[in-house]
Structure formats: C-alpha cells, structure tokens
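# A look at the structure
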Amino acid sequence: MKVLRFNHGRLGISDGAKVIDVTEQFGGEQWPPVGVNRLIRDFAQHRARFEEMLASEAGVPLEAVRLETPVPWPNKLMAYPVNYHDHAKEMASKGLASVQGYFLKANSSLVGPQDEIELPALPGREVHHECEIALIIGKQGRQIAPEDAHHCHGNAGGRGQGPARG
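Residues numbered from 1 in each chain as written. Predicted model: local features only at pLDDT ≥ 70, side-chain atom pairs only at ≥ 80, totals over all residues. Heavy atoms only, no water.

A few words on a nonpolar patch on the surface. A surface patch of nonpolar side chains, about 440 Å² in accessible area, is lined by M78, Y80, Y102 and L104. Among the structural elements, Y102 can be located in the loop between helix 4 (97-100) and strand 6 (103-104). (Patch = residues over 30% accessible without salt bridge, like charges linked within 9 Å, V, L, I, M, F, W, Y side chains within 5 Å. Areas by Shrake-Rupley, 256 points an atom, 1.4 Å probe, with all protein chains shown as cover. Salt bridge = Lys/Arg side-chain N within 4 Å of Asp/Glu carboxyl O. Helix = DSSP H or I, 4+ residues; strand = E, 2+ residues; numbered from the N terminus.)

Structural data, given as structure tokens:
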C-alpha cells in the first residue's frame, strides 16, 4: 500500500493499480497543506480500514491521476553532501556526510514526479545533478538503535541539483 498526494492536494492510498481518495478523513484540502502529516501520524490506526477500502472500492486508475510531491510542507528538508565514496572521488571532495554533516534545503525545492524542473539559462555554465532517494520520516526520534528504527514512513525519488559552474 502506498500513500500519495494527487490532483491539487488530494490525499490517497494506492495498491499500485488504483487510487482511493481519503482526503476528507484528514481535514480536507486546506492551507497550509498538513493533511498528509496527519495521515502519516495516524497511519497505523487507519491501516486495516485502508486495506479494506483497497480490497472493496473501485477507486480510479493510478494512471488517471496527477501525482504530486508526497509532503509539500515538511518541517525540515535535510540533505547530505557527498554521501558515498565514489562521488567524493568524482568531485575531488573530502566533505563526506560522516565528516561534514547535513545541510538544509528550501521547501520550495520540492517538486512532484510529473512537475518540470526548470534549469537556469546560464550560457557557458553547467548544472550538476544526480538521482537521489528522499526518505519521509514519520516519527520523531534521536539516537535510535538500528533494531528500533521504524521511523521511515516512505520514500520518493529525488533529483539533487548542484550549483551552476563555469
């Protein structure tokens, strides 16, 4: 089962083939768009009902909806620089995540899977990019032992965009 946002802020669950709209159960469409935060927070108590809904309701085909960024209003958007050794060699960098830590990115840098990413028009310069995985953390925690780490609610594809060089 997947949780998703679609069609101008609607909330849904999906089995990969269809989407069931659950927006009204989590506060409807509102500003700021925090319904998805409620859905993530309360997911465990609704899971059985969601499974019933996916088994019994027709929903709409997944390909008929426009998917959006999973969490449009996150508390934090953290990124890790040079998070693997081959990339460090490629970039001639010693700023590994284990040494340098993380940095914050603006929430406005989020886009959905069907949104365009606009590159700056900078003649003679190049923009570096890479594929990334975005983790959606659903519970608070600190210094959590690996065997107790059940805080990741989901993931999404990401694209890291570096500064223009030239």
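That covers the picture; the talk isn't over yet.
Quick look at the confidence of the model for the protein chain now. The predicted model of the protein chain averages 80 in pLDDT, with 85% of residues at 70 or higher. Mean pLDDT across the secondary structure elements of the protein chain bottoms out at strand 8 (residues 152-165), with 63, and peaks at strand 4 (residues 60-61), with 98. (pLDDT = per-residue confidence, 0-100.)

Turning our attention to helix 2 (residues 43-56). The terminal C-alpha atoms of helix 2, which comprises 14 residues, lie 19 Å apart, in line with the 20 Å expected from a rise of 1.5 Å per residue. Of all the bends in helix 2, the greatest, near 30 degrees, is centred on R49. (Expected span 1.5 Å × (residues − 1). Bend = angle between axes of the 7 residues up to and from the residue.)

To continue, consider the pairing of strand 1 (residues 2-6). Bridging between strand 1 and strand 2 (residues 10-14) involves 5 bridges; their strand directions are antiparallel. When the bridges of strand 2 are listed, K2 appears paired with S14. As consecutive antiparallel partners, strand 1 and strand 2 are separated by 3 residues, and within that stretch N7 has a phi angle of approximately 45 degrees, a positive value. (Pairing = 2+ DSSP bridges.)

Right, let's talk about the packing of aromatic side chains for a bit. Under the counting rule described, the total for this entry stands at 2 aromatic pairs. When the centroid spacing of 5.9 Å and the interplanar angle of 50 degrees are considered together, the rings of F43 and F50 count as tilted. We note that F43, like F50, is buried. Pairwise contacts between aromatic rings join F26, F43 and F50 into one cluster. (Phe/Tyr/Trp six-rings, centres within 6.5 Å; stacked < 30°, edge-to-face > 60°. Buried < 20%, exposed > 50% of the residue type's maximum accessible area, 1.4 Å probe, protein only.)

Another aspect to go through is the pattern of salt bridges. Tallied over the entire structure, the rule returns 8 salt bridges. R41 serves as the salt-bridge partner of D42, at 2.9 Å between the closest nitrogen and oxygen. One salt bridge in this structure joins R66 and D115, with 2.8 Å as the shortest N-O distance. In this pair, R66 is assigned in the loop between strand 4 and strand 5 (78-79) and D115 in the loop between strand 6 and strand 7 (126-137), connecting sequence segments 49 residues apart. Because the salt bridges share partners, they merge into one network encompassing R10, D21 and E24.

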